[in-house]
Amino acid sequence: MSRIVVVGAGVVGASAAYHLARAGAETVLVEGDLPGQATAAGAGIVCPALRFDAPEAWRALAFPAVGHYPELLDTLAADGEGDTGYETVGTLLVAGDDRERAALGEAAQRLEELRRAGVANVGEVRALAAGEPRELFPFLSDDLPGLHLSGAARVDGRRLRDALERAARRRGARVVRGTAALLLGDGRVRGVRVGGEETPADAVVAAAGAWTGELCRPAGLRVPVYPQRGQIAHLRVPGADTSRLPIVEGFRRHYMLAFPGERVVAGATREDGAGFDRRVTAGGVHEVLSEALRLAPGLSDATLAEVRVGFRPASPDGLPSLGEALPGLVVATGLGPSGLTIGPYAGRLAAELALGERPALDLEPYAPHRRPSRVPGGGW
């Protein structure tokens, strides 16, 4: 039996631990005290088809990742974990000005091509005349046209992460809390040290999100990942039934989605260069609320219940870092704003690599030791 340590208990690490434990490996999951973890702060939109500007290598990973969700949910249910926070609610792509209205036709054509190609979470693509999106999401302006995708889903990242961790424990995984450091010897990673305790391992999965670079640096590995701050507003709408409202996306990388409990989420900023500064800023709140109210003036009287701040593990070229970085070390990070879309699948691929198996997907474009050509402000 192999002993494998997973460092990082966000959705990627929890998924890796679950798949490792299911495979019969002795699994240790190291959960650090990392305020601002992206999984806990993220919105949870599962609809990669709307990422029209994404690199082809990103789509090659994201599309099968979404297709993996039904299998994962089935195995979790069989392991007694039916409460994952995953729901198919559909999404609206709405146009707020003339330029965006002109783009709806091309968007519909591209989405229909993806649907015919069998891409998951698209479903039926339907054009909506001005005012019809408001019938589905009642806070919207009554003059917005749009498109409706019936297959899109939302997921509560905290609930999914907790379900994966509980299922991993049930299959024998052990959870250790603390800050991990890699153990090195004879040119390979030999395990981890947490506090004063060493845990030898056959392999280590580094899935510590935006902190993965710091974890790997003592091994001489420069992982192309940096923290991208995201601020996301949680609104409470007293008396509203928000349990089945669709996701709302526009053409400016902002969004709204709803969860049970009179809750609507509006997000999110993408702030490079902020480091691990967890402050809620006036500019950040202004950005997300201004964009939300531009499309949904019906939310103007909602209560600002909470602003969450998280640090996405972003990369200069927009691609994850996923693969064997050194002998005995598998890296799984850099998912940026797609953590809850790709994370569960990335965890599964990382588990396969740690077990010495060959994953079904070619991971060369995501090599952790690559040198991306585009570096954002602030560097990495």
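Computed from a prediction, not measured in an experiment: that's the story for all the values here.

1. Some remarks on the overall build of the protein
Secondary structure assignment for the protein yields nine helices and 20 strands. Projected onto the principal axes, the alpha-carbon positions of the protein cover approximately 65 × 40 × 40 Å. Here the protein holds 380 residues, and the buried ones make up 57% of them. At a minimum sequence separation of 6, the contacts of the protein that also span at least 24 residues come to 74%. Measuring between centres, the 43 positive side-chain charges of the protein sit 3 Å from its 46 negative side-chain charges.

2. Comments concerning the nonpolar core
Membership of the largest hydrophobic core comes to 52 residues, with the highest contact counts inside it found for Leu164, Val205, Leu322 and Ile342. For this core, the secondary-structure elements that each account for two or more residues are strand S1 (3-7), helix H1 (11-22), helix H3 (56-78), strand S8 (153-155), helix H6 (157-170), strand S13 (203-206), strand S20 (329-333) and helix H9 (339-354). Setting aside residues up to four positions removed in sequence, valine 205 forms contacts with Ile4, Val5, Val6, Val7, Ala16, Val330, Ala350 and Ala354. Formed by 26 residues, the second largest nonpolar core is a distinct cluster that contains Leu50, Leu149, Leu257 and Val265.

3. Description of the sheet that holds strand S9 (residues 174-177)
Here we have six strands laid out as an open sheet, ordered S9-S2-S1-S13-S20-S19, and mixed in their pairing. Both edges of this open sheet fall to S9 and strand S19 (321-326), since each of them pairs with a single strand only. Direction aside, neighbouring strands of the sheet carry axes that sit 20 degrees apart on average. Here strand S2 (residues 26-31) runs beside S9; their pairing, made up of four bridges, is parallel.

4. Regarding the sheet that holds strand S5 (residues 91-94)
If you trace the eight strands from one edge of the open sheet to the other, you get S6-S7-S5-S15-S16-S17-S14-S18, paired in mixed fashion. Edge positions in the sheet fall to strand S6 (125-128) and strand S18 (303-314), since each of these pairs with one other strand and no more. Pairwise comparison of adjacent strand axes, ignoring direction, gives a mean angle of 20 degrees for this sheet. Two elements, strand S16 (residues 255-259) and strand S17 (residues 263-267), share five bridges in a ladder whose sense is antiparallel.

5. Some words on the side chain of arginine 59
Take arginine 59: it is sitting in helix H3. According to the relative accessible area criterion, arginine 59 is buried, its value standing at 13%. In contact with arginine 59, other than residues within four places in its own chain, are Arg51, Phe52, Ala54, Pro64 and Leu114.

6. Describing the pattern of salt bridges
Opposite charge on two side chains allows them to pair when their charged atoms are near. One pass over the structure, following the stated rule, counts 32 salt bridges. Arginine 166 is the salt-bridge partner of glutamate 81, the closest N and O atoms lying 2.8 Å from each other. A residue pair is termed long-range when its members are at least 10 positions apart, and glutamate 81 in the loop between H3 and strand S4 (86-88) and arginine 166 in helix H6 qualify at 85 residues. Owing to a relative accessible area of 35%, arginine 166 belongs among the partly exposed residues under this scheme. With a shortest N-O distance of 3.3 Å, aspartate 97 and arginine 252 are connected by a salt bridge. Here aspartate 97 is found in the loop between S5 and helix H4 (98-116), whereas its partner arginine 252 is found in the loop between strand S15 (247-249) and S16, with 155 residues between them in sequence. Judged by its relative accessible area of 22%, aspartate 97 is partly exposed. A relative accessible area of 35% means that arginine 252 is categorised as partly exposed. Ionic contacts of the salt-bridge type, sharing partners, join the residues Asp97, Arg99, Glu100, Arg252, Glu291 and Arg294 into one network.

7. Considering the confidence of the model for the protein
Of all residues in the protein, 98% attain a pLDDT of 70 or more, and the chain-wide mean is 94. Low pLDDT (under 50) marks residues 375-380, which in the prediction has 16 contacts with non-local residues, meaning those over four places away or in another chain.

Criteria and cut-off values
- Residues numbered from 1 in each chain as written.
- Predicted model: local features only at pLDDT ≥ 70, side-chain atom pairs only at ≥ 80, totals over all residues.
- Heavy atoms only, no water.
- Helix = DSSP H or I, 4+ residues; strand = E, 2+ residues; numbered from the N terminus.
- Buried < 20%, exposed > 50% of the residue type's maximum accessible area, 1.4 Å probe, protein only.
- Contact = heavy atoms within 4.5 Å.
- Lys, Arg positive; Asp, Glu negative; His and termini not counted.
- Charge placed at Lys NZ, Arg CZ, Asp CG, Glu CD.
- Core = buried A, V, L, I, M, F, W, Y, C linked by side-chain atoms within 4.5 Å.
- Pairing = 2+ DSSP bridges.
- Axes fitted to C-alpha atoms, helices over the stretch in contact; angles between N-to-C directions.
- Salt bridge = Lys/Arg side-chain N within 4 Å of Asp/Glu carboxyl O.
- pLDDT = per-residue confidence, 0-100.

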